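Residues per chain, in single letters:
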Amino acid sequence: MTCKAMDLDAAQYALGKLYLSDDADVHDPVKGIYWLKRSADNGNDYAAYRLGKEYLSGNNVSKDAAAAAEYLWQAANHGNSYAQYLLGKLYLMGEGVQQDTNTTYQWFTKAYYGGHTYAGMFMDRIDRGEQRPPSIMLAATRLLYHMGNIFRDNAPAPAATGVQIDRKRL
């Protein structure tokens, strides 16, 4: 790939992220998805990973687990450990792909050795023979994540007097 081609996909990715940002002045999900797709088509695995997440969430595009799996597969094959982890979860749950324990384990192994520590937890479960998806654990993890965001976003502003404490610790 030439330097110009590398710069092109990076610029397309940056533009897609900008249009998908929360900045009201530039927020345009249609343009954001368009530019991410262009970047992914030019081989940018970060764009492919982001598209996979977008199709899983259904926030800026219609939710489509099969399309998410395709984009995640593209990024995972280029060594993106986050995409490998998500792809492993899709195969574990049978979401957008055929449920397959062997493929699940393969993707979690790649993600783990790529630096994604949570993949190791799923590998341990499979090694212990726990084949069923840990739906309660996943639900609890999602709940804690969203609760953390709620607390972070709704923490009162620090008082002007007295002991100062930052928003996260508050």
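Before reading further, recall that the structure is shown in the block above.
About the thresholds
Residues numbered from 1 in each chain as written. Predicted model: local features only at pLDDT ≥ 70, side-chain atom pairs only at ≥ 80, totals over all residues. Heavy atoms only, no water. Helix = DSSP H or I, 4+ residues; strand = E, 2+ residues; numbered from the N terminus. Buried < 20%, exposed > 50% of the residue type's maximum accessible area, 1.4 Å probe, protein only. Polar contact = N/O pair within 3.5 Å; in protein donor to acceptor, adjacent residues only side chain to side chain. Phe/Tyr/Trp six-rings, centres within 6.5 Å; stacked < 30°, edge-to-face > 60°. Lys NZ or Arg CZ within 6 Å of the ring centre and 35° of its normal. Lys, Arg positive; Asp, Glu negative; His and termini not counted. Salt bridge = Lys/Arg side-chain N within 4 Å of Asp/Glu carboxyl O. Contact = heavy atoms within 4.5 Å. Patch = residues over 30% accessible without salt bridge, like charges linked within 9 Å, V, L, I, M, F, W, Y side chains within 5 Å. Areas by Shrake-Rupley, 256 points an atom, 1.4 Å probe, with all protein chains shown as cover. Axes fitted to C-alpha atoms, helices over the stretch in contact; angles between N-to-C directions. Parallel < 35°, antiparallel > 145°, perpendicular 65-115°, else oblique. Left-handed = near helix turned anticlockwise from the far one by under 90°. Nonpolar A, V, L, I, M, F, W, Y, C, P; charged D, E, K, R; others polar.

**Q** Honestly, the side chain of T103 in this entry has me stumped. Any pointers?
**A** Among the structural elements, T103 can be located in helix α6 (residues 101-113). Accessibility expressed as a relative area gives 16% for T103, which makes it buried. Engagement of the side chain of T103 in a polar contact is seen with the side chain of D100, the distance being 2.7 Å.

**Q** Can you help me understand the packing of aromatic side chains in this one?
**A** The full count for this structure, using the stated rule, is eight aromatic pairs. Note on F108 and F122: the rings are 4.9 Å apart at their centroids and 15° apart in plane angle, and the pair reads as stacked. In this pair, F108 is assigned in helix α6 and F122 in helix α7 (residues 118-127), connecting sequence segments 14 residues apart. For the pair F108 and F122, a shared accessibility class is recorded, and that class is buried. An angle of 80° between the planes, with centres 5.3 Å apart, marks the rings of Y112 and Y113 as edge-to-face. Assessed through its relative accessible area of 37%, Y112 is described here as partly exposed. What makes Y113 exposed here is its relative accessible area of 67%. An aromatic cluster is defined as three or more aromatic residues linked by ring pairs; in this entry it consists of Y85, F108 and F122. Above the ring of W107, the side-chain terminus of K110 is found at 4.7 Å from the ring centroid.

**Q** What is the right way to look at the side chain of D45 in this model?
**A** In this fold, D45 is placed in helix α3 (residues 45-57). No salt bridge is formed by the buried D45. Its closest oppositely charged neighbour is K17, at 12 Å. The residues contacting D45, other than those within four sequence positions of it, are A75, H78 and N80.

**Q** Help me understand the pattern of salt bridges in this model?
**A** Two side chains carrying opposite charge are able to pair once their charged atoms lie near each other. Applying the stated criterion across every chain yields a total of one salt bridge. Taking the shortest distance from any N to any O, the salt bridge between E54 and R50 comes out at 3.0 Å. Of this pair, E54 and R50 both sit in helix α3, four residues apart, which is roughly one turn of that helix. Given the relative accessible area of 7%, E54 is considered buried.

**Q** Can you help me understand a nonpolar patch on the surface in this one?
**A** Together, L143, L144, M147 and F151 make up an exposed nonpolar region whose accessible area comes to about 430 Å². Note that M147 resides in helix α8 (residues 135-154).

**Q** Looking at this model, I keep getting lost on α7. Mind explaining?
**A** In an α-helix there are 3.6 residues to a turn, and that puts residues three or four apart on one side. The set of residues buried in α7 consists of A119, G120, F122, M123, R125 and I126. Positive backbone phi, at 90°, marks G129, one or two positions downstream of α7.

**Q** Honestly, the packing of helix α5 (residues 81-93) against α6 in this entry has me stumped. Any pointers?
**A** Angle between the axes and distance between the axes are the two parameters that describe a pair of packed helices. The geometry of α5 relative to α6 is characterised by a closest axis approach of 8 Å and an angle of 160° between their N-to-C directions. One element, α5, and the other, α6, form an angle in the roughly antiparallel class. Along this stretch, α5 crosses α6, giving a crossing that reads as left-handed. Between α5 and α6, the residues in contact are S81, Q84, Y85, L87, G88, K89, Y91 and L92 and T103, T104, W107, F108, K110 and A111, respectively. For the contact of α5 with α6, the residue count by class is seven nonpolar, five polar and two charged.

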